[in-house]
Amino acid sequence: MLLLKITAPFKLIPPGACSILNPSAIYANNEVSLEEVDIYGFDYDYTLALYSNNLDTMIYDTARDFLIEHFKYPEGIHKYDYVPNFAARGLHYDIQKVNIDGHTFCVCNRFASRGLKPVPDEEVVGLYGGTHHVPLNQDSGFYGKGPKMKQFMDVFSLPEMTLLAVANDYFISNDIEYDPVHLYKDVSEAIGMVHLKGFMYKWITQDLEKFILSGEPTRAVLQRLVSQGKKLFLITNSPFSFVDKGMVYMVGQNWREFFDAIIVQADKPHFFNDCFKPFRRLDSNGDLQWDKINSLEKGQIYKQGNLFEFLRLTGWRGSKVLYFGDHLYSDLADLMLRHGWRTGAIVPELIHETKVVNTKQYALGLTWLQALTGLLERMQIHRDPESQKVLQEWMKEREELRAVTKNLFNPQFGSIFRTSHNPTYFSRRLCRFSDVYMASISCLLNYDLSYTFYPRRTPLQHEAPLWMDQLCTGCMKTPFLEEMALIR
Ligand SMILES: [Mg+2]
């Protein structure tokens, strides 16, 4: 049977499919009722305080210059400026093979890069023993760090990945032999110096307006929670003087009055597993006190400590506590797996990703991609030469479409949530370690504090989609959010 070429994807898009996602929505992996949540906890960096992209460029520039000045790397690296939007969160770096890769669970993604250039799929397969498989013992481990692979998970790691790519690019394009393991360690140390030497804290506190994105929503969220009788706490790894300046800027001089407990330099993720490190109190000058801590008092600042002591002193246990953080491992994994608090992930990339999903170009590409996949699946039984020729054309078109839709998110690595057709490793971890996720905590302002988030029921591979998801609010966020906006 001769298959006909179909070229009318426009008619396949469901009416109103574009612009249905609202970047201010909160998405649920598990059912969460805010009615049951009495205590709200927060991380600070990239949770209460969101930073502008200027910070990435400054971290990159300083670390690059440090690499040249202190580790004596070639001066030629200096000519590489920061490349915004090159890297993406959740990517893996193969320390020995110097690939940056967004691989899914134990399966290498087909979008890999060496230096600043993409690596052809056949070459990636060749590097991993002829398959897309990465053995578990080479993988990145529970907190994203393995002997051969590192997963970059925090927002600060974007400049680190870019510097690694740039330095590799310099050596490879100039045909200079180098040890990639040394390079990985040196770049990691150069980035670490930006943090350890306090550069970042200094830049931000000297120009809060330049680096901190609008603080007004943060103040509004805290105010709303407190006015409705909720208890609030802060657990951050940052030092008090830094947090204090940012919070005064965003929330006001009286910011401490919003919180029932404030823990700084907590050393997460160890904070969640350590049983011995006691809390220490800081006085109003930020100096450490020697007294034993028998209670956590409102308005006081505490340093270090551990979660077991925190639970003993506060009694804040289980699902009445909801903790928000941006780092899936350091902030959320232990809380979800070991301690039973509810968790909320802050994923600022949702703003860009939902913007792309809402474009007509994406809707068209994805609809046609799915239609082609369905056609291929059904029509593959036709083995005559003419039909096989059409099938080959469809396969080629499907590959091209896949690249086009991927490039809309990020030309090198695509969406942080999907690699080809499957969820990325980042996505799987996000689903496992967070009950809800959102672009910023300001999304909370769209919902009543007795609201229940229901996860969308997506059919498993063996299930038939027997329900009309289009009728549920989980799919149609926009009209529902418009109604919720009245609460503001
Ligand atoms: Mg953070």
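Coordinates for the structure precede this section.
Values in this document were obtained by computation on a predicted structure and should not be read as measured data.

### What to know about the nonpolar core
(1) Moving on: Ranked by size, the top nonpolar core spans 126 residues in total, and within it Phe 42, Tyr 44, Phe 259 and Phe 310 carry the most contacts.
(2) Moving on: In terms of residue count, helix H3 (residues 157-173) provides more of this core than any other element does, 9 residues in total.
(3) Moving on: Discounting chain neighbours no more than four positions away, the residues touching Tyr 44 are Ala 49, Tyr 51, Ile 212, Leu 234, Thr 236, Phe 242, Val 243, Gly 246, Met 247 and Met 250.
(4) Moving on: Ranked by size, the runner-up nonpolar core spans 9 residues in total, among them Leu 369, Leu 372, Leu 376 and Trp 394.

### Details of the environment of Gln 223
(1) Moving on: Along the chain, Gln 223 falls in helix H7 (residues 216-227).
(2) Moving on: With 32 residues separating them along the chain, Gln 223 and Trp 255 place their C-alpha atoms 9.8 Å apart.
(3) Moving on: At a separation of 2.7 Å, a polar atom in the side chain of Gln 223 contacts the side chain of Arg 219.

### A closer look at the pattern of salt bridges
Side chains bearing opposite charge may pair, as long as their charged atoms lie close to each other.
(1) Moving on: The tally for this structure, following the rule as stated, stands at 15 salt bridges.
(2) Moving on: For Lys 396, the salt bridge goes to Glu 400, with nearest N and O atoms at 3.4 Å. Highlighted residues: Lys 396 and Glu 400, both in helix H14 (residues 385-409), separated by 4 residues, approximately one helical turn.
(3) Moving on: A single network of salt bridges, built from pairs that share partners, joins Asp 61, Arg 64, Asp 65 and Asp 81.

### A word on the sheet that holds strand E13 (residues 321-325)
(1) Moving on: Spatially, 9 strands are ordered E1-E17-E14-E13-E3-E9-E10-E12-E11 in an open sheet, and the strand pairing comes out mixed. Taken across any chain shown, the strands that pair with only one partner, and hence form the sheet edges, are strand E1 (27-28) and strand E11 (279-282).
(2) Moving on: Note that strand E3 (residues 39-42) and strand E9 (residues 231-235) share 4 bridges and pair parallel. Across the sheet, residue Phe 42 finds its bridge partner in E9, namely Leu 234.
(3) Moving on: Against the sheet, helix H11 (residues 328-339) contacts E13 and strand E14 (342-346), and its axis sits at roughly 160° relative to E14.

### Overview of the packing of aromatic side chains
(1) Moving on: As enumerated under the stated definition, the model contains 32 aromatic pairs in all.
(2) Moving on: Geometrically, the ring pair formed by Phe 199 and Trp 203 is stacked, given 6.2 Å between the ring centres and 15° between the ring planes. On the criterion of helical spacing, the pair formed by Phe 199 and Trp 203 is a turn pair, its members being 4 residues apart in helix H5 (residues 199-206).
(3) Moving on: Accessibility expressed as a relative area gives 26% for Phe 199, which makes it partly exposed.

### Section: the coordination of the magnesium ion
(1) Moving on: The protein atoms that coordinate the magnesium ion are Asp 43 (OD), Asp 45 (O) and Asp 326 (OD), at distances of 2.1 to 2.3 Å.
(2) Moving on: Along the chain, the residues that donate to the magnesium ion are spaced as D-x1-D-x280-D. The two residues Asp 43 and Asp 45 agree in class, both being buried.

### A short note on the pairing of E9
(1) Moving on: Of all 5 residues making up E9, 4 are buried, and the element is well covered by its neighbours.
(2) Moving on: Bridge analysis of E9 against strand E10 (residues 261-264) gives 3 bridges, and the strand direction is parallel. Paired with Phe 233 across the strands is Ala 261, a residue of E10.
(3) Moving on: Remark: the E9/helix H8 (residues 240-250)/E10 crossover connection has right-handed handedness.

What counts and how
- Residues numbered from 1 in each chain as written.
- Predicted model: local features only at pLDDT ≥ 70, side-chain atom pairs only at ≥ 80, totals over all residues.
- Heavy atoms only, no water.
- Core = buried A, V, L, I, M, F, W, Y, C linked by side-chain atoms within 4.5 Å.
- Buried < 20%, exposed > 50% of the residue type's maximum accessible area, 1.4 Å probe, protein only.
- Helix = DSSP H or I, 4+ residues; strand = E, 2+ residues; numbered from the N terminus.
- Contact = heavy atoms within 4.5 Å.
- Polar contact = N/O pair within 3.5 Å; in protein donor to acceptor, adjacent residues only side chain to side chain.
- Salt bridge = Lys/Arg side-chain N within 4 Å of Asp/Glu carboxyl O.
- Pairing = 2+ DSSP bridges.
- Axes fitted to C-alpha atoms, helices over the stretch in contact; angles between N-to-C directions.
- Phe/Tyr/Trp six-rings, centres within 6.5 Å; stacked < 30°, edge-to-face > 60°.
- Donors = N, O, S within 2.8 Å, 3.2 Å for Na, K, Ca; no water.
- Right-handed = clockwise from strand over helix to strand, strands pointing away.

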